[in-house]
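Chain and residue survey
Next come the chains, spelled out residue by residue.
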Amino acid sequence: MRIATWNVNSVGARLPRLVPWLEETSPDVVALQETKTATFPVAEVAGLGYEVAHSGDGRWNGVAILSRVGLADVENELAGHPEPRLVSAQCGPLHVHSLYVPNGRALGDPHYDYKLAWFASLSEQLASRHTPDQPLVLMGDLNVALHDEDVWDRSVFDGSTHVTEPERAAVRRLLDWGLVDVEARPGKGDRAFTYWDYRAGMMHKNLGMRIDYVLATASVPVVDAYVDREARKGKGASDHAPVVVDVDL
DNA sequence: ATGTCGGAATTGTTCCGA
């Protein structure tokens with residue numbers, strides 16, 4: 001079974017890249033983030049055999065799960081947080097969450113506190129509804145670089161979000177509950193970045209960040225994991241690359 | 001590093017968010 005996560009930065013704008021990518025990569029389950037629409041283009045992926053669970057209300061945020069191995073028990077609520085940033089479903093043998101964690105914007109910005117509160121609510125809801133002995137994955141854009149090596153130059157991030165101890169502790173709380181950080185094979189150099197800013201030739205210089213994750217319980221046997229850098233290249237690319245994971249379920 | 005995107009309203013340019 002092949003699963004993947006991809007922040008597409010608008011599913012409408014990304015359809016000319018998403019559809020061929022689905023055909024070539026052939027994932028069974030895909031978690032998408034930043035769909036940026038209220039109406040997911042269901043018909044365009046239904047032809048490839050995918051059912052869709054989508055939570056989106058307009059120009060910002062929006063998350064989806066595409067599955068061709070079944071889609072049941074869809075939920076999209078996170079207590080106290082109305083923005084569409086979480087959708088979960090049972091996809092065949094695997095329970096799947098697609099997450100788009102708030103960016104945080106800047107230290108001292110109310111959005112940073114909102115980010116930490118959102119993480120806390122996620123941990124609480126996860127623990128209240130699931131147990132770590134079930135096959136379950138959290139996939140998505142966590143907007144946190146868990147280790148200093150997950151950004152191209154840690155010194156650039158002094159005083160910035162994504163690398164602070166509270167943000168990293170929020171991710172470790174998820175891991176401590178019973179999830180493994182499925183680190184992808186490096187695609188270039190020795191680091192598996194998943195995001196490169198559109199500006200300043202960051203992709204070309206490989207100045208990226210690892211902020212998109214697949215977190216899996218121990219009962220999800222991982223066979224392989226890679227970052228699809230090709231999807232980040234060329235005309236009409238998202239600023240994030242997909243993470244693709246093969247599991248033996 | 002701040003060189004680009006994407007969406008929408010204040011439209012054929014400006015703004016916000018990332």
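Above: the structure in question.
Each chain has its residues counted from 1, running along the sequence as written. A letter from A marks each chain and a number from 1 marks each ligand, given out in the order of writing. Side-chain atom pairs in this predicted model are given and counted only at pLDDT of 80 or more, local residue features only at pLDDT of at least 70, and totals for whole chains, interfaces and linings cover all residues. Hydrogens and water are ignored here; the side-chain numbers use all heavy atoms of the structure.

1. A word on the sheet that holds strand S5 (residues 72–75)
- If you walk across this open sheet you meet the six strands as S5-S6-S7-S8-S10-S9, and the pairing is mixed. Of all the strands in the sheet, just S5 and strand S9 (180–181) have a single pairing partner and so form its edges.
- Sheet analysis places strand S6 (residues 86–91) next to strand S7 (residues 94–100), joined by six bridges and oriented antiparallel. Residue serine 88 lies in a different strand from S7, and its bridge partner there is histidine 97.
- Running over the sheet, helix H3 (residues 110–129) touches S5, S6, S7 and strand S8 (136–141) and is turned about 170° from S7. Note on pairing: DSSP must find at least two bridges between two strands before they are called paired. Helix and strand assignments follow DSSP, with helices taken as H or I runs no shorter than four residues and strands as E runs no shorter than two, numbered in order from the N terminus. Any two residues whose heavy atoms approach within 4.5 Å at even a single point are treated as in contact. Helix axes use the C-alpha atoms of the stretch in contact, all axes being lines fitted to C-alpha atoms, and the angles between their N-to-C directions lie in the range 0 to 180 degrees.

2. Considering the pattern of salt bridges
- A carboxyl oxygen of Asp or Glu within 4 Å of a side-chain nitrogen of Lys or Arg is what we treat as a salt bridge. Tallied over the full model, the rule gives 15 salt bridges.
- Glutamate 75 is paired through a salt bridge with arginine 129; the nearest N and O atoms lie 2.3 Å apart. Within this pair, whereas glutamate 75 is found in strand S5, its partner arginine 129 is found in helix H3, the two being separated by 54 residues in sequence.
- We note a salt bridge from aspartate 181 to arginine 210, for which the minimum N-O separation is 2.8 Å. Of this pair, aspartate 181 sits in strand S9 while arginine 210 sits in the loop between S9 and strand S10 (212–216), and the two are 29 residues apart along the sequence.
- Burial classification: accessible surface area is computed with a 1.4 Å probe over protein chains only, and a residue below 20% of its type maximum counts as buried, one above 50% as exposed, and the rest as partly exposed. The class of arginine 210 is buried, set by a relative accessible area of 5%.

3. Structural notes on the side chain of asparagine 9
- Summarising the element assignment, asparagine 9 is placed in the loop between strand S1 (2–7) and helix H1 (11–25).
- A relative accessible area of 13% places asparagine 9 in the buried class.
- Here the side chain of asparagine 9 touches lysine 36 through a polar contact of 2.8 Å, side chain to side chain.
- Polar contact is the term for a pair of N or O atoms within 3.5 Å; when the atoms are in protein, one must be able to donate a hydrogen and the other to accept it, and sequence-neighboring residues count only if both atoms are side-chain atoms. A distance of 3.2 Å separates the side chain of asparagine 9 from the side chain of tyrosine 198, its partner in a polar contact.
- Among all residues touching asparagine 9, those that are not within four sequence positions of it are Arg14, Gln33, Glu34, Lys36, Tyr198, Ser238 and Asp239.

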